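An overview of the molecular structure
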Protein chains: 2
Amino acid sequence: MEKATQQQTKAHNSQLVLKTIYDQGKVSRAEVARLTRLTRTTVSDAVTDLRTKGLVEEVGYGERARGKAPILLSVVNNSRHLIGVDLASDEFRGAVVNLRGQIIRAVAFPISSPSGEAALALAYKLIDTLLASSDGPVLGIGLGTPGLIDTEAGIVLQAVNLDWQGLPLSQLLTDRYHLPIHLVNDSQAAALAEYIFGGGHSRRNLAVIKVGQGIGAGLVLEGQLFVGDGSSAGEIGHLMVADNGLVCRCGHTGCLETVASAGAIIRRAQTLARGSKESPLSLLAPEAMTLEALGAALEANDPVARQVTAEAGQYLGRAVAMLVSTLNVQHVLLIGSITALGTPLLKVIQQETRRQALATLAEATKIQFGHFGLDAVTLGASALLLTHELGLSFAR
Amino acid sequence: MEKATQQQTKAHNSQLVLKTIYDQGKVSRAEVARLTRLTRTTVSDAVTDLRTKGLVEEVGYGERARGKAPILLSVVNNSRHLIGVDLASDEFRGAVVNLRGQIIRAVAFPISSPSGEAALALAYKLIDTLLASSDGPVLGIGLGTPGLIDTEAGIVLQAVNLDWQGLPLSQLLTDRYHLPIHLVNDSQAAALAEYIFGGGHSRRNLAVIKVGQGIGAGLVLEGQLFVGDGSSAGEIGHLMVADNGLVCRCGHTGCLETVASAGAIIRRAQTLARGSKESPLSLLAPEAMTLEALGAALEANDPVARQVTAEAGQYLGRAVAMLVSTLNVQHVLLIGSITALGTPLLKVIQQETRRQALATLAEATKIQFGHFGLDAVTLGASALLLTHELGLSFAR
């Protein structure tokens, strides 16, 4: 073998050993050899390498099988820091995260008037702040951005709310920070966070639907983030769902976003409230009509709040029915500002999914809210670094 | 290392070497070592093993780089036979296929009155006939069946047209034939055939929509057949697409099958023809209304044929838009009896996809008819054996 190949093999073995220790929590060298099918010598060499790098440590003794009790190995959770960034439409959020997705420091900057240049400057300021607050070696920077992304090239093809078009964000950040940069769509990042750090996913597949200003989905299939041929898997917000529907900002009519995004729901509630004699929501100033106000009204069984929830839930149920029918994914999570509508919304979506997809498929599917609230994209963006920089993949 | 582990490693290396030779066509041992990152000794041992089994042969000399010209290796395409079976609703088809998907012998039996027992007896007869006609070692039997399948357990959960419910087909066939048995949904099998043997798929993702009596999709994602958590990925025929639609055999209303399956299109054409004064189709006896007749009428620009094509195409376009939006898959193939409607149908579907999905995603997607006609499921079912029995996977 040539030398380059030997080094590749060694790096590959090290990654495999690291992944095994990460997945197992605490594990002996012998057990790692058994699980990886590598020889004990190869495992020992890899462990020495990982200990030298500070990624792995010895943490005591396991149960003795025969002879000596084996030394247990564990990943040093704080040995590397991950920078995760969520370039959301309303504010930029970021966090310093450890190898287990624990947030060490979180920062958020509101966006006042987002123009392309100002948004970029704000992103720099956010990352500068996070890097300054990290006291450990940083593995890289992961970013989740709304809109269409070319993941491989690291280019934001189109992010309407940030006024970015064809922005080579990865290159700009590499030049400025000299760190590995990874960029994905925000819904895709959120799906990765829920899958890797959310726990409780016994299945290998997970769909996450993010409903806020926009609507997008993220897919983890066979334990890996799936982005499709053009990096845009999950762009369901502009799927036509309403015949003779409203005009959407994309130029088409009847898109899912025109009937089920946060803005669409609020506008519909304002319209219905104006014509309602029964609903206390009719007394609200239009600008006080928020998803939180609607969520509170739902608890009081307000008729306007119930109707908008039923209407939006029907279309979101269609989106879930579509994911379930297409992918037979048995776990679907909803995240984003829409979760303010709470259990009543979830119930409508569950009912509508059963009505709009084959019953046996729908009944086998758990539909829930996600775990991470506002941190989902940040955590998912940082999780990208585990995959790309440490070679940890998460198929279970 | 323990002995079992050594043998596993050896088998794993042999598979990797076989796959590399299969993918490359003709290749030297040195090149295999480079591509697999295995040592030359390991590759030589694996090649000896594969030649002993008759799977690989030496086929002459390659170009000399330095010193001696290298001996080239190739897979012996006819060294194993695959039995592929398509348990379609109207007839059972099967073929003896070689390792490159070339059909050596094909057989078809029409189904007269399908009851559960009779259908099973006919399947036995078909497989008996195929095995009797094969003169080589048989790697196993792959089957594609309409309906819901538990792929892992090898059970047909529900195949309405064959009157099968919870049938442990894999076990029955294993007991009878003592050969490896693999079972998938027919649309999934067809997708695998188009991906592996269809050529021209530069992308790692492919969606195939089969429209005949039923409607189903098959997905190849990242080079692998994707079946989802419950083996039923692609069950899009019972997704609700029409509000206030017709009642479907599944019990719901407005399913895709009620507006775009072969039967739905023919019934709609019969209805429209009855009321039409301009269409020559109104002169047809109802039982003469077939997709072929509609295809011919389309060429003559018949108004009834045009209308049913526009209507069905709108819903099939919605199905494609859904696949494109969800998966950002850039290659979608249509197969099944619907292809009798030809280019006019394809054009409507292409237009509707652009209208119903985000323009940039739709424009990047090729939508075509498949390559294999009636053989798609048979070939795909046989291709399952390449994956499961020879460890050939097809990510490119």
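Above this text is the structure in question.
To keep things clear, this report deals only with the structure shown in the data block.

Calculation criteria
Residues numbered from 1 in each chain as written. Chains lettered and ligands numbered in written order. Predicted model: local features only at pLDDT ≥ 70, side-chain atom pairs only at ≥ 80, totals over all residues. Heavy atoms only, no water. Phe/Tyr/Trp six-rings, centres within 6.5 Å; stacked < 30°, edge-to-face > 60°. Lys NZ or Arg CZ within 6 Å of the ring centre and 35° of its normal. Buried < 20%, exposed > 50% of the residue type's maximum accessible area, 1.4 Å probe, protein only. Helix = DSSP H or I, 4+ residues; strand = E, 2+ residues; numbered from the N terminus. Pairing = 2+ DSSP bridges. Contact = heavy atoms within 4.5 Å.

Remarks on the packing of aromatic side chains
Residues and elements named next belong to chain A. Applying the stated criterion to the full structure yields zero aromatic pairs over all chains. Across from the ring centre of Tyr 22, 3.8 Å away, lies the NZ or CZ of Arg 100, which sits over that ring. Lying across the ring of Phe 109, Lys 125 places its NZ or CZ 4.4 Å from the centre.

Thoughts on the pairing of strand β12 (residues 206-211) of chain B
Residues and elements named next belong to chain B. Taken across its six residues, β12 has five buried, putting it largely inside the fold. Bridge count for β12 against strand β13 (residues 215-221) is six bridges, and the pairing is antiparallel. Considered in β13, the bridge of Leu 206 is made with Val 220. Of the pairings in the sheet, the one linking β12 to strand β15 (residues 331-335) comprises four bridges and is parallel in character. Counted as the bridge partner of Val 208 is Leu 333 from β15.

What to know about the environment of Val 247 of chain A
Residues and elements named next belong to chain A. Topologically, Val 247 is positioned in the loop between β14 (224-226) and α7 (256-260). When its relative accessible area of 64% is taken as the criterion, Val 247 is described as exposed. Separated by 11 residues in sequence, Val 247 and Thr 258 place their C-alpha atoms 7.4 Å apart. Excluding residues within four positions of it along the chain, Val 247 makes contact with His 252, Thr 253 and Thr 258.

So, the sheet that holds strand β2 (residues 56-61) of chain B
Residue and element names in this part refer to chain B. The antiparallel open sheet is built from three strands, whose spatial order is β1-β3-β2. Since the sheet does not close on itself, it has two edges, and those belong to β1 (27-28) and β2, each with one partner. Two elements, β1 and strand β3 (residues 71-75), share two bridges in a ladder whose sense is antiparallel. Counterpart to Val 27 in the pairing with β3 is Leu 73.

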